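One-letter residues, chain by chain:
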Amino acid sequence: MSNGHGEDLSGAHLGQALVRLGARAVAFPLVGHGEAYKRFGIPKAVSTRSFPTHGMGYQSPGGWLQELVNGQTVYGLGRSITAARFARHCDAVVAVGDVVSVVVARLSRRPAFCYLVAYSSHYEGRLRLPWPCGRSLQNERFLGVFSRDRYTAADLSTQLGRRVEFLGNPFMDAVRVSTVPLPVLPHPRVGLLPGSRLPEALDNLALMLAMLLHLPRYLGGDSVGLAAGLVKDVTVDHLAAVAAKRGWRLQRHRPRCPGAAALELVHGSMRVELYWGRFADVLHGCQLLVAMAGTATEQAVGLEKPILQMPGAGPQFTPRFAEAQRRLLGPAVFCGTGLPGSVVNAKDTARLLMLLLQDGDLSTICLRTAHERIGRPGGSKAMAQAILSGA
């Protein structure tokens, strides 16, 4: 059971690992369509419905209101009750996410395991689990609890009076290798990660394009590469409209070599290559990521990449969300000054981008951050083995 886009991705990889070890896995996404499960061939227990904000978390007040109007809160309550009833027919339940999935797992009255991907002690120094998450995890039905980083595992082991393990993060398995590598360049390449939810991702991309225009004029296709990782919901028409408003143009050309982009955004000598659904390729092929995303940013940090944030208007990637992300992911994440969408922020972000590209000490910082905050790839298999041995 998982409750969110990023949680679904982790749940799908974990489910796939369980199946490979001989178990039968059935998915129950509590929010959204759970597309990740479909991609991995994990059957879903029930039909699903999608909402634009995918959770209340750190989003803007407008995002909260949108959820209430759309009925997501009531829908989520009904889904949770259905999930608890369904789980009673299973041998064990794996909760992926936060307090919602934990409570549903406990209500199922079945042996349970939990991967607390949504919580970290790095946020406040000591994790304050919302009621009744802590008490639920102390219940004897929970046979295993897994955290998302080392610090949280140590903190929760003390708080809960039980062993909490850090075995890595399943979402890293999604970007372990680059299946179709981007063309190798003789100079650095910067990646753009505007997010996965529309229309917010388009607004974020517009902010990034405006920021790029504040880079030194000598920068062009022969001095720095630019590549955007886009979700399939972003259409060519969407891009043409965004580009036109910012003075860019959409250009199609024949790929110069295998793995190259067929579409790009052009402004003078500056070109942004466009890649749909190739996040692993973009992450591996870039030396720096300008990010306004959640899980994709965490994956980039896990791959030892530096991150440059641009806070947006939301509903998800707000200044509050960005600040919380910096606490979660540590010294490999940077952010410029100024309000979202302001010229001040665009100029300062461009300034930071140039400094980070020239910083020779970043690799050591990124390596340490990846080890402590994300862990090595292979978390899905390690967690699945622990679940099957304890069930």
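Relevant structure appears above.
Rules of the game
- Every chain is numbered on its own, with residues counted from 1 as its sequence reads.
- Confidence filtering applies because this is a predicted model: local features only for residues at pLDDT of at least 70, side-chain atom pairs given and counted only at 80 or more, and all residues used for totals across whole chains, interfaces and linings.
- Hydrogen atoms and water are omitted, and side-chain values are computed over all heavy atoms in the structure.
- Think of each axis as a best-fit line through the C-alpha atoms, taken over the contacting stretch in the case of a helix, with angles from 0 to 180 degrees between the N-to-C directions.
- The numbering of helices and of strands both runs from the N terminus, where a helix is a DSSP run of H or I of at least 4 residues and a strand a run of E of at least 2.
- Roughly parallel here means an angle under 35 degrees, roughly antiparallel means over 145, roughly perpendicular means 65 to 115, and every remaining angle is called oblique.
- The contact definition used throughout considers only heavy atoms, calling two residues in contact when any of these lie within 4.5 Å.
- Any residue that is not Ala, Val, Leu, Ile, Met, Phe, Trp, Tyr, Cys, Pro, Asp, Glu, Lys or Arg is counted as polar, Gly included; the first ten are nonpolar and the last four charged.
- Residues enter patches when their relative accessible area tops 30% and they take part in no salt bridge; the joining distance is 9 Å for like charges and 5 Å for the nonpolar side chains Val, Leu, Ile, Met, Phe, Trp and Tyr.
- Accessible areas in this description were obtained via Shrake-Rupley with a 1.4 Å probe; residue shielding takes into account the shown protein chains only.
- Note on definitions: salt bridges are taken to be side-chain nitrogens of Lys or Arg within 4 Å of carboxyl oxygens of Asp or Glu.
- Under the convention used here, Asp and Glu are negative, Lys and Arg are positive, and both His and the chain ends fall outside the count.
- Charge placement uses NZ in Lys and CZ in Arg. For Asp and Glu, CG and CD serve respectively.
- Paired strands, in this sense, are two strands between which DSSP finds at least two bridges.

At their nearest, the axes of helix H11 (residues 295-302) and helix H14 (residues 362-374) sit 8 Å apart, and the two run at 120° to each other. When the interaxial angle is binned, H11 and H14 end up oblique. Where H11 approaches H14, its residues Glu298, Val301 and Gly302 are matched on the opposing element by Cys366, Thr369, Ala370 and Ile374. Residue composition of the contact of H11 with H14, grouped by class: four nonpolar, two polar and one charged.

Attention now moves to the packing of helix H12 (residues 319-329) against H14. As a packed pair, H12 and H14 sit with axes 9 Å apart at the nearest point and diverge in direction by 95°. On the basis of their axis angle, the class for H12 and H14 is roughly perpendicular. Contacts between H12 and H14 pair Arg327, Leu328 and Leu329 from the former with Thr369, Arg373 and Ile374 from the latter. For the contact of H12 with H14, the per-class residue count stands at three nonpolar, one polar and two charged.

On to a positive patch on the surface. Taken together, the side chains of Lys38, Arg39, Lys44 and Lys232 define a basic patch exposed on the protein surface. Within the fold, lysine 38 resides in helix H2 (residues 35-39).

The next subject is the sheet that holds strand S7 (residues 263-267). One open sheet accounts for eight strands, arranged S6-S7-S8-S5-S4-S9-S10-S11; its pairing is mixed. Single-partner strands in this sheet number two, and they are strand S6 (249-252) and strand S11 (333-335). Here the average twist between neighbouring strands, direction ignored, is 30°. The pairing of S7 with strand S8 (residues 270-276) spans four bridges and is classified as antiparallel. Bridged to histidine 267 within S8 is methionine 270. Sitting on the sheet, H11 touches strand S4 (189-193), strand S9 (288-291), strand S10 (307-309) and S11, and the angle it makes with S10 is about 150°.

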